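Per-entry structural report
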Amino acid sequence: MKRISLTQFLVEQQREHGRIPGELRLLVEVVARACKRIAIAVNKGALGDVLGSTEQSNVQGEVVKKLDLIANEVLIEANEWGGHLAAMASEEMDSIHVVPNRYPQGEYLLLFDPLDGSSNIDVNVSIGTIFSVLRKVGHARGVSEEDFLQPGRQQAAAGYCVYGPQTTLVLTLGNGVAAFTLDRETGSWLLTQGGAAIPEDTREFSINMSNQRHWAPPVQRYIAECLAGRDGPRGKDFNMRWVASMVADVHRILSRGGIFMYPWDAREPDKPGKLRLMYEANPMAFIVEQAGGMATDGRQRILDIVPTRLHQRVAVVLGSRNEVQRVNGLHRDGAGG
């Protein structure tokens, strides 16, 4: 069977369906090429001297891995000269990266987590890249951080790339979700799944159980119900899955259903959550909703949150619709143990 390439898929979306402008098509292709370069670096591992940490910390105070920096530079270098972007923002950079004057400026803004799941790099567990595309609102010359502070529902495209046993690119342009697998022999992204759909019901949850004692009562209650299994109020047994890499956990949910939770906890009570709204939660929420799932912070839809800061954090509950609604209901009722 002849597979459809990413380029052919995007051209058809542009030419035959009129769903995306040409500039967005080219931008997505550039991001996909950058992900191929990152995949090569990840696959080399110790042979490429890319494992281990640097002596730097990012804006969140986290130690930066060598591959974090490599992936960040690859994405910047690949995207800044194409004429599609006005600016970029990364989880690894303090502020935005405006396209230099020597290159033409486009109408789009690119946000990315260059390498999600960094704690897994040195132990050869799946990691990935997450990206989000916004249109620059307004016609004022120049670009500032304020241009990026748009609710997630205004995303023009979003996607992630999983560097695992296969290298997989998952993409939404706002009309469903498609997955492409990298053919290492030809270097092509080939369509391997169209119209991805998350089942409404599930028996799997994904959460870091070591933080259980710090969660709010509604989250404690939900997990207790899952752990009670068929003898509890839910009347069915649940399995727990936790990779500590958002791309890997969300990709599993996209493939077979489940619920992913990274809630608020009492260790940092002034922070609504740990995950970044702009670089992680928004693009993943866009993808999950396009696949028929739900994504909230436990109370409200993630894509409706209006950001106030570039590196804003948020609690995340996403995946199979009926389970997310159950968590939302417990928060609404203030349910405890």
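Shown above is the structure to which this text applies.
What this report covers is the structure whose coordinates are included nearby.

Within the protein chain, the regular secondary structure consists of seven helices and 17 strands. For a compact globule of 337 residues, the expected C-alpha radius of gyration is about 20 Å, and the protein chain comes in at 20 Å, within 12% of that figure. By principal-axis analysis of the C-alpha atoms, the protein chain measures approximately 60 × 50 × 45 Å. Burial analysis of the protein chain (337 residues in total) assigns 56% to the buried set. Roughly 14700 Å² of accessible area belongs to the protein chain as shown, and the carbon and sulfur atoms make up 47% of that amount. Taking the 37 positively charged and 39 negatively charged side chains of the protein chain as two groups, their mean positions are separated by 4 Å.

With that settled, consider the environment of Phe 131. By the secondary structure assignment, Phe 131 is in strand β6 (residues 127–135). Separated by 124 residues in sequence, Phe 131 and Thr 7 place their C-alpha atoms 18 Å apart. Beyond its immediate chain neighbours, meaning those up to four positions away, Phe 131 contacts Val 31, Leu 110, Leu 111, Phe 112, Ala 158, Gly 159, Tyr 160, Leu 169, Leu 171 and Pro 283.

Our next topic: the packing of helix α4 (residues 217–228) against helix α7 (residues 321–333). Where α4 contacts α7, the two axes come as close as 8 Å, and the packing angle between them is 135°. Between α4 and α7, the interaxial angle falls into the category oblique. The element α4 and its partner α7 pack so that their crossing is right-handed. Contact residues: α4 offers Pro 218, Val 219, Arg 221, Tyr 222 and Glu 225, while α7 offers Glu 323, Arg 326, Val 327, Leu 330 and His 331. Residue composition of the contact of α4 with α7, grouped by class: five nonpolar, one polar and four charged.

The next point concerns the packing of aromatic side chains. Given two aromatic rings, one states the distance between the centres and the angle between the planes to describe the pair. By the definition in use, this model includes three aromatic pairs. Measuring from ring centre to ring centre gives 5.9 Å for Trp 242 and Phe 260, while their planes differ by 15°; the resulting arrangement is stacked. With Trp 242 in the loop between β12 (239–240) and α5 (246–256) and Phe 260 in strand β13 (residues 259–262), this residue pair connects regions lying 18 residues apart in the sequence. The exposure class assigned to Phe 260 is buried, which follows from its relative accessible area of 1%. Taken together, the ring pairs in this structure connect Trp 242, Phe 260 and Tyr 262 into an aromatic cluster.

This part covers the sheet that holds β12. The five strands are arranged β12-β11-β13-β17-β15 in an open sheet whose pairing can be described as mixed. Both edges of this open sheet fall to β12 and β15 (294–296), since each of them pairs with a single strand only. Contacts from α5 reach β11 (204–206), β13 and β17 (316–319) within the one sheet, and its direction differs from that of β17 by about 35°. Helix-sheet contacts for helix α6 (residues 277–290) involve β15 and β17, and the interaxial angle to β17 is about 25°.

Within a regular strand, the side chains alternate between the two sheet faces. Judged by which residues are buried, β17 turns out to be covered on both faces: Val 316 and Leu 318 on one side and Val 317 and Gly 319 on the other are all buried. Pairing of β13 with β17 involves four bridges; the strand directions are antiparallel. In the strand pairing of β17, Phe 260 is matched with Leu 318. Pairing of β15 with β17 involves three bridges; the strand directions are antiparallel. Residue Ala 295 lies in a different strand from β17, and its bridge partner there is Leu 318.

This brings us to empty space enclosed by the protein. Scanning the model with the defined rule gives one cavity of 30 Å³ or more in all. Considering only enclosed or pocket space, the largest cavity measures out at about 40 Å³ in volume. What lines the largest cavity is Ile 207, Asn 208, Asn 211, Trp 215, Met 261, Tyr 262, Pro 263 and Asp 265. By residue class, the composition of the lining of the largest cavity is five nonpolar, two polar and one charged.

Think of an α-helix as turning once every 3.6 residues; residues three or four places apart then point the same way. Across its 23 residues, helix α2 (residues 22–44) extends 34 Å between first and last C-alpha, which sits within 8% of the 33 Å expected from 1.5 Å per residue. Looking at the residues trailing α2, positive phi occurs at Gly 45, about 55°.

Across the sheet, eight strands lie side by side as β4-β3-β5-β6-β7-β8-β9-β10; this open sheet has mixed pairing. With one partner strand each, in any of the chains shown, β4 (97–98) and β10 (188–194) form the two edges of the open sheet. With two bridges joining them, strand β3 (residues 85–90) and β4 adopt antiparallel strand pairing. Residue pairing across strands places Ala 87 opposite Val 98, the latter belonging to β4.

This brings us to unusual backbone geometry. With a phi close to 60°, Asn 124 is a non-glycine residue in the positive phi region. Tracing the sequence through the fold places Asn 124 in the loop between β5 (108–116) and β6. The backbone of Ala 244 sits at a positive phi, close to 65°, despite the residue not being glycine. Mapped onto the elements, Ala 244 comes out in the loop between β12 and α5.

Thresholds applied
- Residues numbered from 1 in each chain as written.
- Predicted model: local features only at pLDDT ≥ 70, side-chain atom pairs only at ≥ 80, totals over all residues.
- Heavy atoms only, no water.
- Helix = DSSP H or I, 4+ residues; strand = E, 2+ residues; numbered from the N terminus.
- Rg over C-alpha atoms; globule rule 2.2 N^0.38 Å.
- Buried < 20%, exposed > 50% of the residue type's maximum accessible area, 1.4 Å probe, protein only.
- Areas by Shrake-Rupley, 256 points an atom, 1.4 Å probe, with all protein chains shown as cover.
- Lys, Arg positive; Asp, Glu negative; His and termini not counted.
- Charge placed at Lys NZ, Arg CZ, Asp CG, Glu CD.
- Contact = heavy atoms within 4.5 Å.
- Axes fitted to C-alpha atoms, helices over the stretch in contact; angles between N-to-C directions.
- Parallel < 35°, antiparallel > 145°, perpendicular 65-115°, else oblique.
- Left-handed = near helix turned anticlockwise from the far one by under 90°.
- Nonpolar A, V, L, I, M, F, W, Y, C, P; charged D, E, K, R; others polar.
- Phe/Tyr/Trp six-rings, centres within 6.5 Å; stacked < 30°, edge-to-face > 60°.
- Pairing = 2+ DSSP bridges.
- 1 Å grid on protein atoms, 1.4 Å probe; cavity = no way out; pocket = protein on both sides within 12 Å on 5 of 7 lines; lining within 4 Å.
- Points joined across faces, edges and corners; volume = space filled by probe spheres on them.
- Expected span 1.5 Å × (residues − 1).

Keep in mind these values describe shape, not function.
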